[in-house]
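An overview of the molecular structure
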Amino acid sequence: MNSADIREGYLRFFEGHNHLRLPSAPLLSPDPTLLFTAAGMVPLKQYYLGEATPPSLRMTSDQKCIRTNDIERVGLTARHHTFFEMLGNFSIGDYFKDDAIAMAYDFSTRVLGLPADRIWVTIYKEDLQTADIWQKVGIPRDRIVPMGADDNFWTMGPVGPCGPCSELYIDRGVRHPGDENQQMGDEGDRFLEYWNLVFTQFDRQPDGSLKPLARKNIDTGLGLERMTSIIEDTDTDFETDSFRPIIQTVSELSHQEYGADARVTARMKTIADHVRACTFLMAEHLLPSNEKQGYVLRRLLRRSQALGRMIGIEGRFMGKVADTVIDLMQGPFPELVAERGRIKGDMEVEEQRFDRTLREGLVEFTRAVEQVRQEGGDTLPGKTAFYLHDTMGFPVELTADLLRDAGLKLDRQGFDALLDEQRHSGSEASGVEDASRERTGYIKLRGAVGSTHFVGYETLSAEAVVTGLLKDGEPASSAQEGDHVGLMLSSTPFYGEKGGQVGDTGVITTPRARFEVTDTKTPVEGLIIHEGVLVQGAIAAGDTVRAEVDAQRRRAIMRAHTATHLLQAALRSMDPTVQQKGSKVMPDEFHFDFSFRGSLRGDDRKALEEKVLGYITANVPVRTDVMPIDEARRTGALAFFGEKYGATVRVVTAEGISKELCGGTHVTATGDIGFLHVRSIRSIGTDTKRIEASVGLGALHESWAYEDAVEKAAETVGCAPSPADVVHAVAELVDQVRERDRRIEGLVAAATDARMQSLIAHPAMINGQPVVLAAFEGLTPEALRSAGDRAEQQLGSGMFIGRLSDADGFTVIKVFGTATGTFSARQVFTALTDKLGGKGGGTDRMCQGRVGGQITAQELEALLA
């Protein structure tokens, strides 16, 4: 059993108990009080608080989570992570303690195969009811440990919903010296918590009293990485199948062996953890920045980059590690595959930006650390950290992280005093300090090359003068053929990415040079950078050029951007409280995020499409007016998504339909959009929805794709190429397959039953114990485990070794009765995998996993001799 088996097994188990399987909510929490989704219940908070009606009273999920409160411990401990998966089952006023405990015990012992005699639980010391329930399901009183409120009483705040909780632990036995002396609650990994059950049954009043809730709830969390470590019997989470391939990639890049050196190994773990977290964050279109979630992402990326240099990795490497993360995690999270190129590209850009600062800063940092050690100290002076921060551009957070890694401390008080002195030393210094170093760099660049005058509202082609170049992030005077550079112009028709609209592409030419623009950025207002490659000739500052935007692509972007305005108008006609939360406008397609309570179903999607199509066919003129912002607001123009507006703004109006503040580019009449197709509507967080849609030619191409799919499906099932006929034919085919599967399962079960009777009647005898050793065809892993249970029931004592005769070779080994004094399932499994290959894990009584081949009773007896 590996992480995928545990994940799917958990979700299917609770689906079998009438829970609705929920998709993971985004990591970027729409809750303004949170930066990230940090637990499985976070996306469900609205249901617990009664603010919304849940889609089901019973729910289960595998939630992506980010926690950074212990970032400095990642890599140094066995189980701290920034990104992790939290499996959970939830009840909103449905079942309570009895069922939650019974299901947790059943899943732990029957599905995961954890030995019941090694499971311990903690309870809140005043919650004796929970102790009675645990005892009833099979946990003796001496393995039920009462704890105080700090450990076993959950609260949402000083007042409001709260309740006791109960945690499940597994006793992993004596694995390391000193484990024999460990008790529950001690530091160490012998007793490992793996599941927390929260019983929300009280409402804490302002006076501190606990009022029973009329509707009691269940919220549980089981960490997938930790459970995988338990099942695969590894010392740390980083040796499990969830991390091994990532660690291997880091090892190969660094030419260092994992486990050979403690400090190098810790750094490998940190890199693997951080890049895994960054990959998932960037899949949600988060970019490194100097505030909020973007700041956390930048810190994780730069910390990984610094640690990579410290273990010998040269050049840009995080994209390679991200490739392994995506390959490893694409099964449960297919969205990673679609974003692979963008994730790796954004990582490379960040590495490029930080590389020079890192190289120079690490040299100075290493010198400073050596000096501290030579002087016999343990603290880096605040003035040294300030020099690294202010002069070298080396973030103080990174200095603190690296000092912890080196076993030293930072004089943070001295650093803060110098920073405060600089902040108050003058307005210019204060302004520089308030802005991020990166933003300050762009502002300085704009001061050197001058602002670019944007003429792209009026024309898609213009002459201009090259005012500056950027090569590898540094100012340059010229570029040669093949160079990847950024060009700044005196004026440009190219729209730089901002406000959710992607940047333009096109060409910039001189009589002897051709520069292909692959993207256009606006890092600070007035600075427009044309990124691309010089495919012919040479270009230098001062050259006169002709800038030409890809007109067809721009028109497709304009169609999509105006369509977002019409869509928002249609949404607000359904619910006037709708507010835009974000958007991404691309050629003939867009994402539109908005606040919305409740659900939007198929009929709502059709109604939206019909409403927007009405706006399009009305062919209303789209007008743009430039006016003072106060006047714009008086006209009723909408301003959403936290945009920063200047004193003068552009107001885009489709008369009688919409009026918004917007700096993007738009069509001249709604009819230019042509058509809109809503591809999907989904929830991306609490009270936040995302609509993905296509327009114009994009919508036409999607329509063709649907038609092609219907025709191919019709051809496959042998019916007329109409949706109704295909649906009918597929339904009939599904019924036939189900009936056939039912018959096959019956035949396989009967054959297995007869075979098991024979095997049990005539077992092999090894070391004086009966052994049932056989290969089976057509069984599921669950049916194979049941065959082992049957052998135990009928033999009483002995060993069962069953293997599926498929490509995976899934194998179950059970040792029972007096045979436990003769055999260890763990040792037998290890002996088989050493000889035949494979992997898996378990306990002395039961192991399961993949074994690379079959073995005879005689061979087994010789192997165990």
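Everything here concerns the structure above.
The structure reproduced in this document is the subject of the present report. Predicted model only: the values in this text are computed from it and were never measured.

Regarding unusual backbone geometry
Of note in the backbone geometry, His285 takes a positive phi value of approximately 70 degrees without being a glycine. Its place among the elements puts His285 in the loop between helix H8 (262-283) and helix H9 (292-310). Residue His285 is classed as partly exposed on the basis of its relative accessible area of 28%. For Asp588, which is not glycine, the phi dihedral falls at a positive 60 degrees. The topology assignment puts Asp588 in the loop between strand E23 (580-586) and strand E24 (589-595).

What about the sheet that holds strand E34 (residues 838-842)?
On the basis of which strands lie adjacent, the open sheet formed by 6 strands has the order E30-E31-E32-E33-E35-E34 and mixed pairing. Each edge of the sheet is formed by a strand with only one pairing partner; in this case those strands are strand E30 (764-766) and E34. Here the strands of the sheet are splayed against their neighbours by 20 degrees on average, with no regard to which way each runs. Where strand E32 (residues 798-804) meets strand E33 (residues 810-816), 6 bridges bridge the pair, whose relative direction is antiparallel. Counterpart to Arg803 in the pairing with E33 is Thr811. Packed onto the sheet, helix H23 (residues 781-795) meets strand E31 (769-776), E32, E33 and strand E35 (846-851) and runs at close to 20 degrees relative to E33.

Topic: H9
Note: α-helices contain 3.6 residues per turn, so residues at a spacing of three or four share the same orientation. Its 19 residues place the ends of H9 27 Å apart at the C-alpha level, agreeing with the 27 Å of an ideal helix rising 1.5 Å per residue. Across the 19 residues that make up H9, a large majority, 15, are buried. Within two residues after H9, Gly312 carries a phi angle of roughly 95 degrees, on the positive side.

A word on the nonpolar core
Among soluble globular proteins, nonpolar side chains are generally buried collectively. Counting 62 residues, the largest nonpolar core has Phe280, Leu281, Met347, Phe394 and Leu402 as its most contacted members. Those elements that provide at least two residues to this core are helix H7 (244-254), H8, H9, helix H10 (318-329), helix H12 (340-374), helix H13 (382-390), helix H14 (396-406) and helix H15 (412-423). In terms of residue count, the dominant contributor to this core is H8 (11 residues). With residues up to four places along the chain from it excluded, the contact list for Leu402 reads Ala306, Leu307, Met310, Leu362, Phe365 and Phe394. Of all hydrophobic cores here, the second largest spans 39 residues; its members include Ala100, Ile119, Ala131 and Trp195.

A short note on the environment of Ile616
Looking at the secondary structure, you find Ile616 in helix H19 (residues 602-617). Look at Ile616 and you get buried, because its relative accessible area is 3%. Sequence-wise, Ile616 and Leu566 are 50 residues apart; in three dimensions their C-alpha atoms are separated by 8.4 Å.

Digging into the side chain of His530
Here His530 is to be found in strand E20 (residues 527-536). Contacts of His530, omitting those with residues within four sequence positions, involve Val485, Gly486, Leu487, Met488, Leu489, Thr492, Phe494, Ile508, Phe515, Val517, Asp519 and Thr520.

Points about the packing of aromatic side chains
All chains considered together, the criterion is met by 19 aromatic pairs. Ring geometry for Phe454 against Tyr457: centres 4.9 Å apart, planes inclined by 85 degrees, an arrangement best described as edge-to-face. A residue is classified by how much of its surface remains accessible, and Phe454, at 18% relative accessible area, is buried. Overall, Tyr457 belongs to the partly exposed group, its relative accessible area being 30%. Connected via pairs of aromatic rings, a cluster forms that spans Tyr10, Phe13, Phe14, Phe107 and Trp195. The ring of Tyr457 is capped by Arg650, whose NZ or CZ atom sits 3.3 Å from the centre of that ring.

So, the pairing of E33
Along E33, 7 of the 7 residues are buried, which leaves the element largely enclosed by surrounding structure. Side chains of E33 alternate between two faces, with Phe810, Val812, Lys814 and Phe816 and Thr811, Ile813 and Val815 buried alike. Summarising the sheet, E33 and E35 pair through 5 bridges and their orientation is antiparallel. Directly across from Thr811, in E35, lies its bridge partner Gly849.

Conventions used here
- Residues numbered from 1 in each chain as written.
- Predicted model: local features only at pLDDT ≥ 70, side-chain atom pairs only at ≥ 80, totals over all residues.
- Heavy atoms only, no water.
- Helix = DSSP H or I, 4+ residues; strand = E, 2+ residues; numbered from the N terminus.
- Buried < 20%, exposed > 50% of the residue type's maximum accessible area, 1.4 Å probe, protein only.
- Pairing = 2+ DSSP bridges.
- Axes fitted to C-alpha atoms, helices over the stretch in contact; angles between N-to-C directions.
- Contact = heavy atoms within 4.5 Å.
- Expected span 1.5 Å × (residues − 1).
- Core = buried A, V, L, I, M, F, W, Y, C linked by side-chain atoms within 4.5 Å.
- Phe/Tyr/Trp six-rings, centres within 6.5 Å; stacked < 30°, edge-to-face > 60°.
- Lys NZ or Arg CZ within 6 Å of the ring centre and 35° of its normal.

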